[in-house]
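Structural overview
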Amino acid sequence: MTDTVQNNLKEKLKQVLAANGYKPGSQKARICECSFLQGAISAKPELVNECPVIPLCLISGRSILTL
């Protein structure tokens with residue numbers, strides 16, 4: 001389940017970045033990703049348990065797209 005959730009989040013994040021014209025790895029993309037992941041957790045708090053890598057990415061600043 002974790003891989004499916006993580007892959008779905010990655011795909012949606014890629015769509016958001018592309019729609020905004022942000023290149024992955026740029027400062028704007030990192031800010032956008034942080035907001036995206038915070039919004040996903042706020043909308044569905046059980047994501048923290050289903051995909052524990054999300055809070056780790058938020059805390060470390062590492063992109064979920066690199067995993």
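Let me begin by describing the structure that accompanies this report. (Residues numbered from 1 in each chain as written. Predicted model: local features only at pLDDT ≥ 70, side-chain atom pairs only at ≥ 80, totals over all residues. Heavy atoms only, no water.)

Moving on, we come to the overall build of the protein. For the protein, the helix and strand inventory stands at four helices and zero strands. Secondary structure of the protein in N-to-C order comes out as α-α-α-α. Relative to the globule expectation of 11 Å for 67 residues, the C-alpha radius of gyration of the protein, 11 Å, shows essentially globular dimensions. For the protein, the proportion of its 67 residues judged to be buried stands at 31%. Accessible surface computed for the protein: about 4400 Å², of which carbon and sulfur atoms make up 56%. (Helix = DSSP H or I, 4+ residues; strand = E, 2+ residues; numbered from the N terminus. Rg over C-alpha atoms; globule rule 2.2 N^0.38 Å. Buried < 20%, exposed > 50% of the residue type's maximum accessible area, 1.4 Å probe, protein only. Areas by Shrake-Rupley, 256 points an atom, 1.4 Å probe, with all protein chains shown as cover.)

Further remarks concern the pattern of salt bridges. Counted under the stated rule, the structure contains two salt bridges. Between Lys14 and Glu11 there is a salt bridge, and its shortest N-O distance comes to 3.7 Å. Highlighted residues: Lys14 and Glu11, both in helix α1 (residues 2-20), separated by three residues, approximately one helical turn. On the basis of relative accessible area, Glu11 is assigned to the partly exposed category, the value being 44%. Between Lys44 and Glu50 there is a salt bridge, with the nearest N and O atoms lying 3.8 Å from each other. The class of Lys44 is partly exposed, set by a relative accessible area of 35%. (Salt bridge = Lys/Arg side-chain N within 4 Å of Asp/Glu carboxyl O.)

Relative to the assigned elements, Glu33 resides in helix α2 (residues 27-43). Despite its burial, Glu33 remains without a salt bridge, the nearest opposite charge being carried by Arg30 at 7.4 Å. A polar atom in the side chain of Glu33 sits 2.6 Å from the backbone nitrogen of Ile64. Once residues lying within four places of it in the same chain are set aside, the contact partners of Glu33 are Leu13, Arg62, Ser63, Ile64 and Leu65. (Lys, Arg positive; Asp, Glu negative; His and termini not counted. Polar contact = N/O pair within 3.5 Å; in protein donor to acceptor, adjacent residues only side chain to side chain. Contact = heavy atoms within 4.5 Å.)

We now examine the nonpolar core. Among the nonpolar cores identified, the biggest contains 16 residues, and Leu9, Ile54 and Ile64 are the most heavily contacted of them. Ranked by residues supplied to this core, first place goes to α2 with six residues. Ignoring any residue separated from it by four or fewer positions in sequence, one finds Ile64 in contact with Gln6, Lys10, Leu13, Glu33, Leu37, Ile54 and Cys57. (Core = buried A, V, L, I, M, F, W, Y, C linked by side-chain atoms within 4.5 Å.)

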